[in-house]
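Survey of secondary and tertiary structure
Each chain is listed here by its residues.
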Amino acid sequence: NSTFVNSTSAVGHGGALFLSSSDVLIDQCSFSGNTAGADAHAGAIFLESAVTTGVISNTSMIGNTCDENGGAIYVEGHQLSVTNCQLDSNTSNNSRGGAIYFDTYSSAVGALSITNSNLSNNSSEDMGGAVFVRYDTLMVQGTTFRNNNSNTAGGAVAGQSGNSDQFINCTM
């Protein structure tokens, strides 16, 4: 039940949170208007490679912005589950993943699952208006994507470099 509003990381990653612990649980929180500045990733939450399992549930992320990848969430870890969340009006100004950017930075298999969530009005300058996934597995169930925008490819979702994607009972 924590609220993070208008937090700023002027030159570093993670406007509100920068986490590198092995297991992360974020539940019933609100992230609004957070910013990661010049050449930085993750307007709200940056999960570093040391994170092996991340869970974000029952959480809203609205109006977060970053200069680079992941307007709301940036993950360079292995597993992330996003459940019953609202990601709305998040922006990646110069790169990918308006709401979520997920990458293990190798051919090691990671997995991003998004379940029963709403991703609306997110935007990125490059690929993946709402979500960008590289090298990893993406599983999306019961989720709505609405009015997301990318200036190059994947208005809602973009995947790159051999990932495996599944969309079940989704609205786009």
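As a reminder, the structure under discussion sits directly above these lines.
Procedures and definitions
- Residues numbered from 1 in each chain as written.
- Predicted model: local features only at pLDDT ≥ 70, side-chain atom pairs only at ≥ 80, totals over all residues.
- Heavy atoms only, no water.
- Helix = DSSP H or I, 4+ residues; strand = E, 2+ residues; numbered from the N terminus.
- Pairing = 2+ DSSP bridges.
- Axes fitted to C-alpha atoms, helices over the stretch in contact; angles between N-to-C directions.
- Salt bridge = Lys/Arg side-chain N within 4 Å of Asp/Glu carboxyl O.
- Phe/Tyr/Trp six-rings, centres within 6.5 Å; stacked < 30°, edge-to-face > 60°.
- Buried < 20%, exposed > 50% of the residue type's maximum accessible area, 1.4 Å probe, protein only.

1. Observations concerning the environment of Thr137
Within the secondary structure layout, Thr137 lies in strand β20 (residues 137–141). Spatially, the C-alpha atom of Thr137 lies 9.7 Å from that of Phe102, the residues being 35 residues apart in sequence.

2. A look at the sheet that holds strand β15 (residues 100–103)
The parallel open sheet is built from six strands, whose spatial order is β3-β7-β11-β15-β19-β23. Pairing within the sheet leaves two strands with one partner each, and these edge strands are β3 (17–19) and β23 (157–160). Pairs of neighbouring strands in the sheet enclose a mean axial angle of 5 degrees, with direction left out of account. In terms of strand pairing, strand β7 (residues 45–47) meets strand β11 (residues 73–75) through three bridges, oriented parallel. Bridge assignment links Ile45 to a residue of β11, and that residue is Ile73.

3. A few points about the pattern of salt bridges
For the structure shown, the criterion picks out two salt bridges. Its salt-bridge partner being Asp126, residue Arg96 comes within 3.0 Å of it at the nearest N-O pair. In this pair, Arg96 sits in the loop between β14 (91–92) and β15 while Asp126 sits in the loop between β18 (123–124) and β19 (131–134), placing the two residues 30 residues apart along the sequence. Linking Arg134 and Asp103 is a salt bridge whose minimum nitrogen-to-oxygen distance equals 2.8 Å.

4. Considerations on the packing of aromatic side chains
Enumeration over the complete set of coordinates arrives at five aromatic pairs. Measuring from ring centre to ring centre gives 5.0 Å for Tyr74 and Tyr101, while their planes differ by 5 degrees; the resulting arrangement is stacked. Taken together, the residues Tyr74 in strand β11 and Tyr101 in strand β15 connect sequence positions 27 residues apart. For the pair Tyr74 and Tyr101, one class covers both residues: buried. Members of the aromatic cluster, each reached through a chain of ring pairs, are Phe18, Phe46, Tyr74, Tyr101 and Phe132.

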